[in-house]
Amino acid sequence: MAQTNEELQASDLNFQTPEGRKSFWLNIFSVWLGTTMEYVDFALYGLAAGLVFGDVFFPEQTPIIALLSSFATYAVGFLARPLGAIILGRVGDRHGRKVIMVITVGLMGISTTALGLLPTYHQVGWLAPALLVFLRLCQGFGAGAELSGGAVMLAEFSPVKHRGVVASLIGVGSNTGTLLASSVWLLVLTMPKEQLMTWGWRIPFLISIFIAFFAIFLRRSMQESPVFTAFKERKQREQESVIEAGLDAHEGGWRAFFVMLGLRIGENGPSYIAQSFLVGYVVKALAMEKAVPTTAVLVASFLGFAIIPFSGWLSDRFGRRITYRVFCALLVLYAFPAFALLQSKDPWIVGSVIVVGMGLGSLGIFGVQAAYGVELFGVQHRYSRMAVAKELGSILSGGTAPMVASALLATFNSWIPLATYFAVTAFIGFVTTFVAPETRGRDLTLLEDAI
């Protein structure tokens, strides 16, 4: 696809100058660290929900119901994400990406640290889980604009030919967060159980404040994306009446929004089942040692540093649509054999199942989605619409997936409904690729959507 002069100035030519390259690498590092902060937040909570929160905040329930309650509060955080996406994403479209990315990382950092200061159920009764829900809502509000903002910033800064690889680095940040969270939890789990339940579980949340402070410092030094800067300058050059007419003319339909929604469901459902629900399932339902799933998450996180950019490279080489379709198909094929193999309770088999699931759902497909989502939307509403579509998809699949899976387990006491649920969410993404356009190399300065 041919590039316009404006896009060349906004991305490729910006990268060719020393100052442009310096800004490019600073922004990559800043986005990576902020996304690390987001996924430290959610991975810490996801692991804690499966490992200790049932005992700390819901001690009077049966193990399965406590697991369900823990993942219900986990899901609450996702309910606030679309609201954060709407409000903060709109500001990001009007006033720039940088200001929102400073706000989001600060809000998430404060909320996560506060989780480590919460009283337990034995100390204050049901006030404890109520405070837990409140902090999850704060986390979710900030996270609603973080991931999409990071992807937009990376894609709008990157050279066109390598946009898939560069944008996929948002997944490296998420993977780093998961790696840090699982590493800290592995260390914490070596503590005696009494100390772990009394105060040890607080350590992972409290130390996250150091990442938050560093991320805020870096993001205040970020440069605004060249694509947004070019868009803002163009608006300033034109008469206000012409601007309004132009924006109205290109406001477009909502087909790209629903395509993004379907793609997100196909990724996020399997992702959160693989990296969150299976941790609790292996420990609570299969009665295996907590170190087995936690170690598997750690191994998958290490592999993610290769899987994520490789999947982004595949999308640059072969196209976004076909790469995404293959990953979704693999997830559908994975579902039933994976859950059947888990019943063996063999540590090596169980660990391998989790690693493969995360490699496909939490890492590989996620690496393709970053550039694909950015390219689907026009510049004037890219941030807000992409963010809302992603976060609504998170509610319909990822955020609620551990809770729905826990409910299915409590109701049927069988792995078959769990595998079916996993396969259905992946199949939605697979079908969506047949109505999604190919967007590789698209001009990001265009006002209209790709479909």
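Numbering of residues begins from 1 in every chain and follows the order in which that chain's sequence is written. Reporting in this predicted model follows two pLDDT cut-offs: at least 70 for local features of residues, and 80 or more for side-chain atom pairs to be given and counted; totals over whole chains, interfaces and linings ignore these cut-offs and use all residues. Hydrogens and waters are ignored; side-chain quantities use all the structure's heavy atoms.

**Let's talk about the pattern of salt bridges**
Phase 1 of the analysis: Salt bridge, as used here: a side-chain nitrogen of Lys or Arg that lies within 4 Å of a carboxyl oxygen of Asp or Glu. This structure, assessed with the given rule, holds 10 salt bridges.
Phase 2 of the analysis: For D93, the salt bridge goes to R97, with nearest N and O atoms at 3.4 Å.
Phase 3 of the analysis: Classification of D93 by relative accessible area gives buried; the value is 3%.
Phase 4 of the analysis: Residue classification places R97 among the buried positions, given a relative accessible area of 0%.
Phase 5 of the analysis: A salt bridge links E267 to R264; its shortest N-O distance comes to 3.0 Å. One end of the pair is E267 and the other is R264, both in helix α15 (residues 255-285) and 3 residues apart, which spans about a single turn.
Phase 6 of the analysis: Here's how the labels work: a residue is buried when its accessible area is under 20% of the maximum for its type, exposed when over 50%, partly exposed in between, all with a 1.4 Å probe on protein chains only. By relative accessible area, E267 is classed as buried at 2%.
Phase 7 of the analysis: In this structure, a network of salt bridges that share partners links the residues D93, R97, E156 and R382. Only runs of H or I of at least four residues qualify as helices and only runs of E of at least two qualify as strands under DSSP, and these elements are numbered from the N terminus.

**Focus on the environment of R136**
Phase 1 of the analysis: Along the chain, R136 falls in helix α8 (residues 127-157).
Phase 2 of the analysis: Judged by relative accessible area, R136 falls into the buried class, the value being 0%.
Phase 3 of the analysis: Each C-alpha atom, one on R136 and one on A75, is 8.6 Å from the other, the two residues being 61 residues apart in sequence.
Phase 4 of the analysis: In this structure the side chain of R136 is engaged in a polar contact, spanning 2.6 Å, whose partner is the side chain of Q139. As used in this structure description, the phrase polar contact means that two N or O atoms lie within 3.5 Å; if the pair is within protein, one of them must be able to donate a hydrogen and the other to accept it, and residues adjacent in sequence are counted only when both atoms belong to side chains.

**With respect to the packing of α15 against helix α19 (residues 382-398)**
Phase 1 of the analysis: Throughout, an axis means a line fitted to C-alpha atoms (over the contacting stretch in the case of helices), and angles, computed between N-to-C directions, take values from 0 to 180 degrees. Taken N-terminus to C-terminus, the directions of α15 and α19 make an angle of 40 degrees; their axes are 7 Å apart at the nearest point. Accordingly, the angle class assigned to the pair α15 and α19 is oblique. Seen from above, α15 lies across α19 with right-handed handedness. For the pair α15 and α19, contact is made by F257, M260, L261, R264, I265, N268, G269 and Y272 and by R385, M386, V388, A389, K390, E391, L392, G393, S394, L396, S397 and G398, respectively.
Phase 2 of the analysis: Residue classes follow a fixed rule: Ala, Val, Leu, Ile, Met, Phe, Trp, Tyr, Cys and Pro count as nonpolar, while Asp, Glu, Lys and Arg count as charged, and any other residue, Gly among them, counts as polar. For the contact of α15 with α19, a count of residues per class yields 10 nonpolar, 6 polar and 4 charged. We call two directions roughly parallel when the angle between them is under 35 degrees, roughly antiparallel when it is over 145, roughly perpendicular when it lies between 65 and 115, and oblique otherwise. By convention the crossing between two helices is left-handed if the near helix lies anticlockwise of the far one by an angle smaller than a right angle, and right-handed if it lies clockwise. Note on contacts: a residue pair is in contact if any heavy atoms of the two residues lie within 4.5 Å.

**Concerning α8**
Note: α-helices contain 3.6 residues per turn, so residues at a spacing of three or four share the same orientation.
Phase 1 of the analysis: In this model, α8 (31 residues) spans 45 Å end to end at C-alpha, consistent with the 45 Å of a helix rising 1.5 Å per residue.
Phase 2 of the analysis: Two axes enter the definition of the bend at a residue: one is fitted to the seven residues ending there, the other to the seven starting there, and the bend is the angle between them. Of all the bends in α8, the greatest measures close to 30 degrees and is centred on A143.
Phase 3 of the analysis: In terms of burial, α8 is a largely internal element, 23 of the 31 residues being buried. Here the expected span of a helix is defined as 1.5 Å times the quantity of residues minus one.

**A look at the confidence of the model for the chain**
Close inspection of predicted coordinates is inappropriate in any region flagged by low pLDDT.
Phase 1 of the analysis: Looking at the chain as a whole, the pLDDT averages 84, with 90% of positions reaching at least 70.
Phase 2 of the analysis: Low pLDDT (under 50) marks residues 1-9, which in the prediction has 22 contacts with non-local residues, meaning those over four places away or in another chain.
Phase 3 of the analysis: Confidence drops under pLDDT 50 across residues 245-249; counting only partners more than four residues distant or on other chains, this segment forms 3 contacts. The predictor's confidence in any single residue is recorded as pLDDT, a number from 0 to 100.

**Quick notes on the packing of aromatic side chains**
Phase 1 of the analysis: Working definition: rings of Phe, Tyr and Trp (its six-membered ring) pair if their centres are within 6.5 Å, and the pair is stacked with planes under 30 degrees apart, edge-to-face with planes over 60 apart, and tilted otherwise. Following the criterion strictly, the structure yields 15 aromatic pairs and no others.
Phase 2 of the analysis: Where F29 meets F214, the ring centres are 6.3 Å apart and the plane angle is 70 degrees; that geometry is what we call edge-to-face. You can see F29 sitting in helix α2 (residues 18-51) and its partner F214 sitting in helix α12 (residues 208-219), a full 185 residues away along the chain.
Phase 3 of the analysis: Judged by its relative accessible area of 35%, F29 falls in the partly exposed class.
Phase 4 of the analysis: Classification of F214 by relative accessible area gives partly exposed; the value is 40%.

**Notes on a nonpolar patch on the surface**
Phase 1 of the analysis: Like charges are joined within 9 Å and nonpolar side chains (Val, Leu, Ile, Met, Phe, Trp, Tyr) within 5 Å, but only among residues with over 30% relative accessible area and no salt bridge; these make up the patches. Here the Shrake-Rupley method, with its probe set to 1.4 Å, supplies the accessible areas, and only the displayed protein chains count as covering residues. On the surface, F310, W313, F318, I322, V326, L330 and L333 cluster together into a nonpolar patch covering about 700 Å² of accessible area.
Phase 2 of the analysis: Of all the elements in the fold, those that place two or more residues in the nonpolar patch are α16 (291-318) and α17 (320-342).
Phase 3 of the analysis: Of the residues forming the nonpolar patch, the biggest block, 4 residues, is contributed by α17.
Phase 4 of the analysis: Within the fold, V326 resides in helix α17.

**A word on the packing of helix α9 (residues 163-188) against helix α18 (residues 347-376)**
Phase 1 of the analysis: Relative orientation of the contacting elements α9 and α18 amounts to 135 degrees, with a least axis distance of 8 Å. Between α9 and α18, the interaxial angle falls into the category oblique. As for the relative orientation of α9 and α18, their crossing is right-handed in sense. Of the residues in α18, those touching α9 at R163, G164, A167, S168, I170, G171, S174, N175 and T178 are M358, L363, F366, G367, A370, A371 and E375.
Phase 2 of the analysis: Residue composition of the contact of α9 with α18, by class: 7 nonpolar, 7 polar and 2 charged.

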